[in-house]
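Structure at a glance
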Amino acid sequence: MTSRAAYSRLQIALHWVIAILILAAWLTHENMGRALESRIKSGATGFEGNTPHVWLGITVFVLVLIRIVVRRVQGAPGPLPGSTPLMEMAATWGHRLLYLLMVLTPALGAVAWNAHSETVGELHETVGSALMLVALAHALVAIWHQYVKKDGSLTRITRPQG
Ligand code: HEM
Ligand code: HEM
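Residues numbered from 1 in each chain as written. Chains lettered and ligands numbered in written order. Predicted model: local features only at pLDDT ≥ 70, side-chain atom pairs only at ≥ 80, totals over all residues. Heavy atoms only, no water.

The name an unreviewed UniProt entry assigns to the chain is Cytochrome b/b6 domain-containing protein, from the organism Ruegeria alba. Looking at the chain in UniProt, the text filed under Subcellular location (unreviewed entry) is "Cell membrane". A UniProt comment under Sequence similarities (unreviewed entry) is attached to the chain, and it reads "Belongs to the cytochrome b561 family." (UniProt positions renumbered as here; feature names shortened; annotations may be inferred.)

Written out as structure tokens, the structure reads:
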């Protein structure tokens, strides 16, 4: 893994496209409980009856897998200037948690949808809500870094290098 001053153009594009798609999936979840119920009743399988929420979620899943590969290959910038070992550790584990939730949420949604399971559907809802909460905290921390600590955190994920 290499260490650069900023994320690459591809990493930045993936970060923001995925963030927007996750938000869109969140905003389209409204009638999914009922959609799952009628899918189970009608016995539908495959792409039949897929809703915008399902398509958005599947796209997130595929892009996140690509993103993880790109991350393994290209690495990430080193620690932010002025950060303590504790802050570095919090950032590393916070980001790992986000990756985990970004994989688990659509994966559980897909299992609920295709295995016709309301129990997995409930688990998907819980993990999806956790993803939104952690992402919100992540965004607030990023804004704090950029505008209070003024350490250029947001610049690393908006202006590419490499
Ligand atoms: C990042 C992607 C996703 C996010 C953030 C997300 C988020 C959510 C949330 C918050 C709910 C709860 C809805 C409620 O309380 O009424 C939900 C429900 C649901 N989602 Fe997703 N979802 C994602 C991807 C997917 C995918 C890929 C599928 C299927 C292939 C899917 C299928 C479902 C189903 C079936 C429900 C209803 C579950 C039930 O009521 O038992 N979701 N989703
Ligand atoms: C669903 C929404 C989001 C998710 C899931 C998400 C996830 C992530 C992840 C996993 C990383 C680590 C990248 C890596 O090291 O490979 C990251 C980096 C970053 N994100 Fe987000 N993000 C989201 C939204 C946002 C928003 C709204 C902001 C700003 C307001 C933001 C600001 C940043 C910044 C500044 C970094 C770079 C941190 C550093 O300097 O290392 N993110 N994001």
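1. Comments concerning the UniProt feature "domain: Cytochrome b561 bacterial/Ni-hydrogenase" (unreviewed entry) in the chain
As annotated by UniProt and renumbered to match this structure, "domain: Cytochrome b561 bacterial/Ni-hydrogenase" (unreviewed entry) occupies residues 7-158. Spanning residues 7-158, this segment combines 78% helix with 0% strand, and its end C-alpha atoms are found 8 Å apart. (Helix = DSSP H or I, 4+ residues; strand = E, 2+ residues; numbered from the N terminus.)

2. Concerning the side chain of Ser-117
For Ser-117, the position within the fold is in the loop between helix 4 (85-114) and helix 5 (118-149). Judged by its relative accessible area of 16%, Ser-117 falls in the buried class. The contact partners of Ser-117, leaving out residues within four places of it in the chain, are Leu-36, Ile-40 and Ala-112. (Buried < 20%, exposed > 50% of the residue type's maximum accessible area, 1.4 Å probe, protein only. Contact = heavy atoms within 4.5 Å.)

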